[in-house]
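Each chain, written out:
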Amino acid sequence: MSIDWIWANLGQIGSLFVNHVWLTLIPTVLGLLVAIPLGWWAHRSRRGGVIIIGTAGLLYTIPSLALFILLPAVLGTRILDPLNIVIALTVYTVALLVRVVADGLGSVPHDTVAAAEAMGYRGWQRLVLVEIPVAVPVIVAGLRVAVVSNVSIVTMAALIGIPQLGTLFTQGFQLRLFVPLILGILLCVLLAAILDQLLIWIGRISTPWRRKDVLA
Amino acid sequence: MTLLDWLIDPANWTGAQGIPTQIGFHLLYTAISLAIASAIAIPLGIFIGYTGKGEMLVAGAANALRALPTLGLLVLLFLVLAPVIAGQLVFVVPTIVVLVLLAVPPILTGTYTGIQSADPAAVDAARGMGYTRPQILWRVQLPCALPLLISGLRGSTLQVVSTATVAAYVGLQGLGRYIIDGRAQANFAEMAGGALLVALLALALELLFSVLGRVLVSPGLRRSTRRRRPAPTDTTTAALATLTATR
């Protein structure tokens, strides 16, 4: 009976999984893109740091289900629009990563920055070609946390009716079936593990000079 | 009806389904879960931080738990436990179990990383002054661990407030009721009202913890952390680990 359920619903499970991947990946990438300039600002200016990291902390406090529902009221989107989920998760990712990016940039050794300066790297060039690459291990560590939590947070959107792996949980609850529940949990954990490994791999190939180090 | 109409409607502020009652329920579940989780996690965290035993295991378990989707865990445990429990508690007990399960890792991580991150110089100084090992633990390492411990408690609290909201789906009282019932009746004002109240409750608790941190943490400790401006990445990741509850 259990395997039958999976076979009978294979198409639906597949499309839920694909939805889940997009709902996780888009906000993670968008969040990183927004967090880098903000984190840089927080790193450079003391007041900027206080404002940005304080705001980020407050935003991170808002429970996801509440944010999913409040965003339409703020943005004027429809409540069932997946865009709300994307924006909410982007907000969480930015909130998590600004601090990580600021700390990562702070972890770049002074000598490295000075050497880059002496070699003629200035402003943007120095940031993009020297400081960010050196900060990659710290940023990747933060991204791993962000992506794994995002996989889990996306499932909450099932409660307001947005299809992704969380839908298997609401189905399991309504039908009193364990199979979709357990399958949903396993697929979430699997997706989180794959994305986590992917990030470790990206971190490794983008920092060839650290080959001997063990990524924390 | 808009969000504001719903919020100022006196009918929503009285009775068994009223806003004060639901806030009370929400806080009650939060308090119970945190108390149980602390009773488990703080002694265990002290043991791990003090002896260094089981650290890898706990760090791995905490990470794995982060990947587990809260909603799935909640529904699964509810379906498993509900038949075992009879009567009024059928909604409450399975949920409390999930809330405790989710609240333990941040407190545990905060406690043991806090103890381990205690300044070795302070520990050495205490040893030099003739403190016994238990004395070092209680008078030096624990006070030094307090900032990370409180940050762990804060992470747990937010996780619990957030999950207790979701638990309205399986029938729990609390502010989540407005969101779930509002959704069922396509009443957007009620949903948004509930969401706003949950967000405000979470912010209020966050504020409470920042005040708590200011009052409880030794002033000497605060000064030394401020002087060490470029935060060592170790404490950053530790703080991250305690912060990142899965909303």
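Given the structure is predicted, the values throughout are model-derived calculations rather than measurements.

*Asks:* Explain the overall build of chain B residue by residue, including any values.
*Replies:* Within chain B, the secondary structure is distributed over 11 helices and zero strands. Put simply, chain B runs from its N terminus to its C terminus through helices and strands in the order α-α-α-α-α-α-α-α-α-α-α. Here chain B holds 247 residues, and 45% of them are scored as buried. Here the contacts in chain B between residues at least 6 apart in sequence split such that 75% fall between residues at least 24 apart.

*Asks:* Please give an account of the overall build of chain A that cites residues and values.
*Replies:* What chain A contains, in helices and strands, is nine helices and zero strands. Taken over the C-alpha atoms alone, chain A extends approximately 70 × 45 × 20 Å along its principal axes. Restricting to contacts in chain A with at least 6 residues of sequence separation, those with at least 24 account for 70%.

*Asks:* Break down the packing of helix α8 (residues 166-175) of chain A against helix α9 (residues 178-205) of chain A for me, with residues and values.
*Replies:* Residues and elements named next belong to chain A. Interaxial distance between α8 and α9 falls to 7 Å at its minimum, and their mutual angle equals 160°. By the angle class used here, α8 and α9 are roughly antiparallel. The crossing of α8 and α9 is left-handed. Contacts between α8 and α9 involve Leu 168, Phe 169, Gln 171 and Gly 172 from the former and Phe 178, Pro 180, Leu 181, Leu 183 and Gly 184 from the latter. Here the residues of the contact of α8 with α9 sort into six nonpolar, three polar and no charged.

*Asks:* Help me get a handle on the environment of A:Val145, residues and values and all.
*Replies:* Relative to the helices and strands, A:Val145 is located in helix α7 (residues 123-154). Between the C-alpha atoms of A:Val145 and A:Val113, which are 32 residues apart in sequence, the distance is 27 Å.

*Asks:* Hey, could you go over the interface of chain B and chain A for me, with residue numbers and the actual values?
*Replies:* Between chain B and chain A, the residue contacts involve 40 residues of the former and 43 residues of the latter. Residue assignment for the side of chain B that touches chain A shows that the elements contributing at least two residues are α3 (55-67), α4 (70-81), α7 (133-166), α8 (176-184), α9 (188-216) and α11 (233-243) of chain B. No other element matches α9(B), which puts 10 residues into the side of chain B that touches chain A. Tallied by class, the residues present in the side of chain B that touches chain A amount to 27 nonpolar, nine polar and four charged.

*Asks:* A description of the confidence of the model for chain B should follow, citing residues and the corresponding values.
*Replies:* All names here are of chain B. Mean pLDDT for chain B: 85, with 89% of residues reaching 70 or above. Here α11 stands out as the least confident element of chain B, with mean pLDDT 56; helix α2 (residues 19-51) is the most confident, with 93. The model gives residues 224-233 a pLDDT under 50, and that stretch makes seven contacts with residues more than four places away or in other chains. Scoring of the predicted complex yields 0.86 for pTM and 0.84 for ipTM.

*Asks:* Give a detailed account of the packing of α7(A) against α9(A), specifying residues and quantitative values.
*Replies:* Residue and element names in this part refer to chain A. Look at α7 against α9: their axes get within 9 Å of each other, and the N-to-C directions meet at 165°. Overall, the two elements α7 and α9 adopt an arrangement that is roughly antiparallel. For the crossing formed where α7 meets α9, the hand is right-handed. Facing α7, whose interface residues are Val 136, Pro 137, Val 140, Leu 143, Arg 144, Val 147, Val 148, Val 151 and Ser 152, α9 presents Cys 188, Leu 191, Ala 192, Leu 195, Asp 196, Leu 199, Ile 202 and Gly 203. Class assignment for the residues of the contact of α7 with α9 results in 13 nonpolar, two polar and two charged.

*Asks:* Explain the environment of A:Pro82 to me, and be specific about the residues and the numbers.
*Replies:* Residue and element names in this part refer to chain A. Among the secondary structure elements, Pro 82 is positioned in helix α5 (residues 82-106). For the pair Pro 82 and Ile 162, spaced 80 residues apart in sequence, the C-alpha to C-alpha distance is 6.6 Å. If sequence neighbours within four positions are ignored, Pro 82 has contacts with Leu 23 and Ile 162.

*Asks:* Which residues make up the environment of A:Gly57, and what values go with them?
*Replies:* Residues and elements named next belong to chain A. Relative to the helices and strands, Gly 57 is located in helix α3 (residues 46-61). Looking at Gly 57, the number of C-beta atoms within 10 Å reads 16, which means it is partly exposed. For the pair formed by Gly 57 and Tyr 92, sequence separation is 35 residues and the distance between their alpha carbons is 9.5 Å.

What counts, and where the lines are drawn
Residues numbered from 1 in each chain as written. Chains lettered and ligands numbered in written order. Predicted model: local features only at pLDDT ≥ 70, side-chain atom pairs only at ≥ 80, totals over all residues. Helix = DSSP H or I, 4+ residues; strand = E, 2+ residues; numbered from the N terminus. Buried ≥ 20, exposed ≤ 12 C-beta atoms within 10 Å, placed from the backbone. Contact = placed C-beta atoms within 7 Å. Axes fitted to C-alpha atoms, helices over the stretch in contact; angles between N-to-C directions. Parallel < 35°, antiparallel > 145°, perpendicular 65-115°, else oblique. Left-handed = near helix turned anticlockwise from the far one by under 90°. Nonpolar A, V, L, I, M, F, W, Y, C, P; charged D, E, K, R; others polar. pLDDT = per-residue confidence, 0-100.

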